[in-house]
Amino acid sequence: MLLSTLARRMLGGSVAQNLTKPDVVFVLGPPGAGKGTQCTKIVEKYGYTHLSAGDLLRAERASGSVDGELIQSHIVGGTIVPVSITVKLLANAMMKVPGGKFLIDGFPRNEDNVTGWEDQMKDKVNLKFILFYECEEEECLRRALSRGQGRADDNVESFRNRIQTYLSSTMPIVNRYKGEGLLRSINGADSPDNVFIATQKCFELDNREL
């Protein structure tokens, strides 16, 4: 009888729902901290799907959608796109990989992002932890200007605006996640290989906690 009751709970209740929820790791850090480089390495080693909030927004802008001009103005100005747009794009991208596990890079960026995400996605995913890559402003600027990607926001003025937005809006949520015990801080100023060694330790720690 006990086994039958447990089986029913696993098949129809919250246990089964939790098992089917995709795992999510947020990846945060200042612009130019090397988040994209590390996400590529994580994807190769651990099989995550990398979703860059910035890339999704730039693709949506380029698609000619009704939100394109609004997205463009925020990207160029170094400000934060409304959360309803960003969460919609992330949710749509996640639906394309059923049962996947996701690195969400560059999100959330402020308290409004956190609230919007939790309102729409909290019960639909397992938030594992937050990777936070720390890096000094001047090093981040050097990297951003040397990327050579032709991005509209890879110039000194936009970069300074993005850094100010990061300090005023993103750092408070970084501190919030730290207080909740979800933050895994890494020195992003080191070489990519050394940074990835530290990154792997975060995933190994998570596996040991399971």
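Here goes a summary of the coordinates provided. (Residues numbered from 1 in each chain as written. Predicted model: local features only at pLDDT ≥ 70, side-chain atom pairs only at ≥ 80, totals over all residues. Heavy atoms only, no water.)

Topic: the state of the cysteines
Here a disulfide denotes one covalent bond, and it connects the sulfur atoms of two cysteines.
Next up, step 1: What the rule picks out here adds up to zero disulfides.
Next up, step 2: Unpaired in this structure, Cys135 has its nearest cysteine sulfur neighbour in Cys140, at a distance of 3.6 Å.
Next up, step 3: Given the relative accessible area of 16%, Cys135 is considered buried. (Disulfide = S-S within 2.5 Å. Buried < 20%, exposed > 50% of the residue type's maximum accessible area, 1.4 Å probe, protein only.)

As for the packing of helix H4 (residues 53-62) against helix H5 (residues 68-77)
Next up, step 1: Two elements in contact, H4 and H5, have axes whose closest approach is 8 Å; the angle formed by their N-to-C orientations is 135°. The orientation of H4 with respect to H5, classified from their angle, is oblique. Here H4 and H5 pass one another in a crossing that is left-handed. Here Leu57, Arg58, Glu60 and Arg61 of H4 come into contact with H5, specifically with Gly68, Ile71, Gln72 and Ile75. (Axes fitted to C-alpha atoms, helices over the stretch in contact; angles between N-to-C directions. Helix = DSSP H or I, 4+ residues; strand = E, 2+ residues; numbered from the N terminus. Parallel < 35°, antiparallel > 145°, perpendicular 65-115°, else oblique. Left-handed = near helix turned anticlockwise from the far one by under 90°. Contact = heavy atoms within 4.5 Å.)

Comments concerning the sheet that holds strand E5 (residues 183-187)
Next up, step 1: With respect to topology, five strands assemble into an open sheet ordered E2-E3-E1-E4-E5, the strand pairing being parallel. Two strands bound the open sheet, and with one partner strand each, they are strand E2 (49-52) and E5. Going from strand to strand, the sheet's axes swing by 20° on average, the running direction of each strand aside.
Next up, step 2: Relative to strand E3 (residues 101-105), E2 is paired through four bridges, and the arrangement is parallel. (Pairing = 2+ DSSP bridges.)

Topic: helix H7 (residues 111-121)
Next up, step 1: Looking only at H7, the buried set comprises Asn113, Val114, Gly116, Trp117 and Met121. Viewed end-on, H7 has its buried residues packed into an arc of 170°, placing them on one side of the element.
Next up, step 2: Looking at the buried side of H7, the elements it contacts are strand E1 (23-28), helix H6 (83-95), E3 and helix H9 (156-179).
Next up, step 3: Measuring from the side-chain oxygen of the N-cap residue of H7 to the backbone nitrogen of Asp112 gives 3.3 Å; that N-cap residue is Asn110. (Arc of directions from axis to C-beta. Polar contact = N/O pair within 3.5 Å; in protein donor to acceptor, adjacent residues only side chain to side chain.)

By themselves, these are just geometric observations and shouldn't be taken as functional.
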